Amino acid sequence: MAGASSTDGAVLMGDKYRSHLVGEGEKNTQWRHGSPPTYDLVNHLFEKERTKEWPKGSLEEVVQNAIKTWEMELSHKTNLNDFKSINPTKFKFIVNGRKALSGDETLALGSYNALLQSSLPEALQCYKANVETFESSHELFRSAFPRGFAWEVVSVYSGPPVIALKYRHWGHMEGPYKGHAPTGEMVEFYGTAVLKVDEQLRVEEVEIYYDPGEMMAGLLKGPLLISKEECKQSSADEVIDALSTLSTTTTATTPQECPFLKRE
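The shown structure was predicted, so the numbers you read here are calculated from the model rather than taken from an experiment.

J.: A description of unusual backbone geometry should follow, citing residues and the corresponding values.
T.: Pro160 connects to Pro161 through a cis peptide bond whose omega is 10°. By the element assignment, Pro161 lies in the loop between strand S5 (150-158) and strand S6 (162-172). A positive phi angle is found at His20, which is not glycine, with a value near 65°. Within the secondary structure, His20 sits in the loop between strand S1 (5-6) and strand S2 (37-38). Positive phi values are uncommon outside glycine, yet Lys178 reaches one of about 50°. Within the secondary structure, Lys178 sits in the loop between S6 and strand S7 (186-197).

Here it is in structure tokens:
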């Protein structure tokens, strides 16, 4: 959930926080957008606003970079067999105690849809994972966070083979989200994760716990630029297209009601 762009044929020298982007081992990799991604924007945000700068080679830095690599592979590689950060045959992804997803299921859904599945009645869902596609979900958050959605390890409580950690995820809402105007404010949340890894430090199971409301409240804070009905009936791509036709003088309406919004 970080935020990256395609290299568009540029010579890629690799990334200081992510492995398995370039080199002999990636010569046959099937990339979602035809070439490896670059992370310059989100790396800048990460370095400027992180709360921890872990020593090189420390357990915290190793874990942080390993998870960044896994997120990169999930977002940008289309063949599970090209993943180097996980054990494809054993991988399971569990969010907030929900049913475990296999590697193929997680790849088909995409990280946002996997993380934001909900058992709430559809009318109360701020984000509908069953409506968004892999592509539309990523476009939705790229639009909301044009500088990227940065991620850092805050604490590591235990080392391999069972790694327990606390993390922070943040970005600046400088673009629209589902018809809501940009606020320019930081949107952030904290969560915990437990990873089971093999002897090669490949992930076999990821279990994540976090409160989606911490993120959704920030994204829904801005006034609506299109009607509630249009938001409900439109996918992310359609909402973004509709917003692009609005003038900057559009009259705002009352923000959408959502069960995740925290009242003062």
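J.: Quick rundown of the pattern of salt bridges? Include the residues and the values.
T.: The tally for this structure, following the rule as stated, stands at 17 salt bridges. Between Arg18 and Asp15 there is a salt bridge; the shortest N-O distance is 3.1 Å. For Arg18, a relative accessible area of 4% puts it in the buried group. Relative accessible area serves as the criterion here: at 17%, Asp15 is assigned to the buried category. For Glu188, the salt bridge goes to Arg168, with nearest N and O atoms at 2.7 Å. With Glu188 in strand S7 and Arg168 in strand S6, the pair connects residues that are 20 residues apart, well separated along the chain. Taking relative accessible area as the criterion, Glu188 reaches 31% and is therefore assigned partly exposed. Here the residues in one salt-bridge network are Glu26, Glu73, Lys77 and Lys84, joined through shared partners.

J.: Which residues make up empty space enclosed by the protein, and what values go with them?
T.: Under the counting rule described, the total for this entry stands at 2 cavities of 30 Å³ or more. Estimates place the volume of the largest cavity at around 340 Å³. As for the largest cavity, its lining consists of 25 residues, and the residues nearest its centre are Ile67, Trp70, Glu71, Trp151 and His169. Counting only elements with at least two residues in the lining of the largest cavity, the list comes to helix H1 (40-49), helix H2 (59-76), helix H4 (111-115), S5, S6, S7 and strand S8 (203-210). Considering each element in turn, the lining of the largest cavity owes the most residues, 5 residues, to H2. Per-class residue counts for the lining of the largest cavity are 20 nonpolar, 2 polar and 3 charged. In this structure, the second largest cavity occupies an estimated 30 Å³ of space. Lining the second largest cavity, in full, are Phe93, Ile94, Val95, Arg98, Lys99, Leu101, Ala114 and Gln117. In terms of residue count, the dominant contributor to the lining of the second largest cavity is strand S3 (residues 92-95) (3 residues). Taken together, the residues of the lining of the second largest cavity sort by class into 5 nonpolar, 1 polar and 2 charged.

J.: Outline the pairing of S5, supporting the account with residue identities and numerical values.
T.: Where S5 lies against S6, 7 bridges are found, and the strand directions are antiparallel. Along S6, the bridge assignment pairs Ser158 with Ala164. Between the end of S5 and the start of S6, which pair antiparallel, lie 3 residues.

J.: Explain the packing of aromatic side chains to me, and be specific about the residues and the numbers.
T.: Tallied over the full model, the rule gives 11 aromatic pairs. When the centroid spacing of 5.1 Å and the interplanar angle of 75° are considered together, the rings of Tyr17 and Phe46 count as edge-to-face. With Tyr17 in the loop between S1 and S2 and Phe46 in helix H1, the pair connects residues that are 29 residues apart, well separated along the chain. In terms of burial, Tyr17 and Phe46 fall into one category: buried. A ring pair is formed by Trp70 and Phe91, whose centres lie 6.0 Å apart and whose planes are at 45°; its orientation type is tilted. Pair noted here: Trp70 is in helix H2 and Phe91 is in the loop between H2 and S3, with a separation of 21 residues, a long-range link. In this structure Trp70 comes out as buried when scored by relative accessible area, which is 11%. An aromatic cluster is defined as three or more aromatic residues linked by ring pairs; in this entry it consists of Phe145, Phe149, Trp151, Tyr167, Phe189 and Tyr210.

The rules behind the values
Residues numbered from 1 in each chain as written. Predicted model: local features only at pLDDT ≥ 70, side-chain atom pairs only at ≥ 80, totals over all residues. Heavy atoms only, no water. Helix = DSSP H or I, 4+ residues; strand = E, 2+ residues; numbered from the N terminus. Salt bridge = Lys/Arg side-chain N within 4 Å of Asp/Glu carboxyl O. Buried < 20%, exposed > 50% of the residue type's maximum accessible area, 1.4 Å probe, protein only. 1 Å grid on protein atoms, 1.4 Å probe; cavity = no way out; pocket = protein on both sides within 12 Å on 5 of 7 lines; lining within 4 Å. Points joined across faces, edges and corners; volume = space filled by probe spheres on them. Nonpolar A, V, L, I, M, F, W, Y, C, P; charged D, E, K, R; others polar. Pairing = 2+ DSSP bridges. Phe/Tyr/Trp six-rings, centres within 6.5 Å; stacked < 30°, edge-to-face > 60°.

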